[in-house]
Amino acid sequence: MIKWILTKIVGTKNQREVRRLRPIVEQIVSIEESWNGKGQDFLLEKTKEWQGYLHRFLPMELPPVRIVEAAPREEL
């Protein structure tokens, strides 16, 4: 009985998690909508920007572009 009342007031763990994540998902969707229709150059520039940001925390050794382009899809 008490568990049922608490579940009705507070919600289940999954409901609480959905409520916590909803603003983040809405923000992601709004970013996606604003970037929809932008060119590939814009996305490549953003990717380089993010890589530069992430390299500050964990330097990554990236292979040259020609090696990535020549690699089979299964290896990527």
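Just so you know, these numbers come straight off a predicted model, no measurement behind them.

Draft legend 1. Just the packing of aromatic side chains, in detail. Using the criterion set out here, one finds two aromatic pairs in the structure. For the ring pair W35 and F42, a centre distance of 5.3 Å and an interplane angle of 85 degrees mean the geometry is edge-to-face. Take F42: its relative accessible area is 26%, and that puts it in the partly exposed class. Among the aromatic side chains, those forming a connected cluster through ring pairs are W35, F42 and W50. Lying over the aromatic face of F42, K38 brings its terminal NZ or CZ to 4.9 Å of the ring centre.

Draft legend 2. Seen up close, helix α1 (residues 2-10). For α1, the tally of buried residues reaches only zero of nine residues, placing the bulk of the element at the surface. Positive phi shows up at G11, right after α1, with a value of about 95 degrees.

Draft legend 3. Representation of the pattern of salt bridges in the model. Counting across every chain of the model gives two salt bridges. A salt bridge links E17 to R20, with the nearest nitrogen and oxygen atoms 2.5 Å apart. Of this pair, E17 and R20 both sit in helix α2 (residues 13-35), three residues apart, roughly one helical turn. Overall, the relative accessible area of 33% leaves E17 in the partly exposed class. A salt bridge links E49 to K46, with the shortest nitrogen-to-oxygen separation between them at 3.7 Å. Of this pair, E49 and K46 both sit in helix α3 (residues 40-55), three residues apart, which is roughly one turn of the helix.

Draft legend 4. Summary view of a nonpolar patch on the surface. Nonpolar side chains collect at one region of the surface, where M1, I2, W4, I5, L6, I9 and V10 lie side by side and expose about 800 Å² of accessible area between them. Mapped onto the elements, I5 comes out in helix α1.

Draft legend 5. Representation of the environment of K38. Here K38 is to be found in the loop between α2 and α3. With a relative accessible area of 43%, K38 lands in the partly exposed category.

The rules behind these values
Residues numbered from 1 in each chain as written. Predicted model: local features only at pLDDT ≥ 70, side-chain atom pairs only at ≥ 80, totals over all residues. Heavy atoms only, no water. Phe/Tyr/Trp six-rings, centres within 6.5 Å; stacked < 30°, edge-to-face > 60°. Buried < 20%, exposed > 50% of the residue type's maximum accessible area, 1.4 Å probe, protein only. Lys NZ or Arg CZ within 6 Å of the ring centre and 35° of its normal. Helix = DSSP H or I, 4+ residues; strand = E, 2+ residues; numbered from the N terminus. Salt bridge = Lys/Arg side-chain N within 4 Å of Asp/Glu carboxyl O. Patch = residues over 30% accessible without salt bridge, like charges linked within 9 Å, V, L, I, M, F, W, Y side chains within 5 Å. Areas by Shrake-Rupley, 256 points an atom, 1.4 Å probe, with all protein chains shown as cover.

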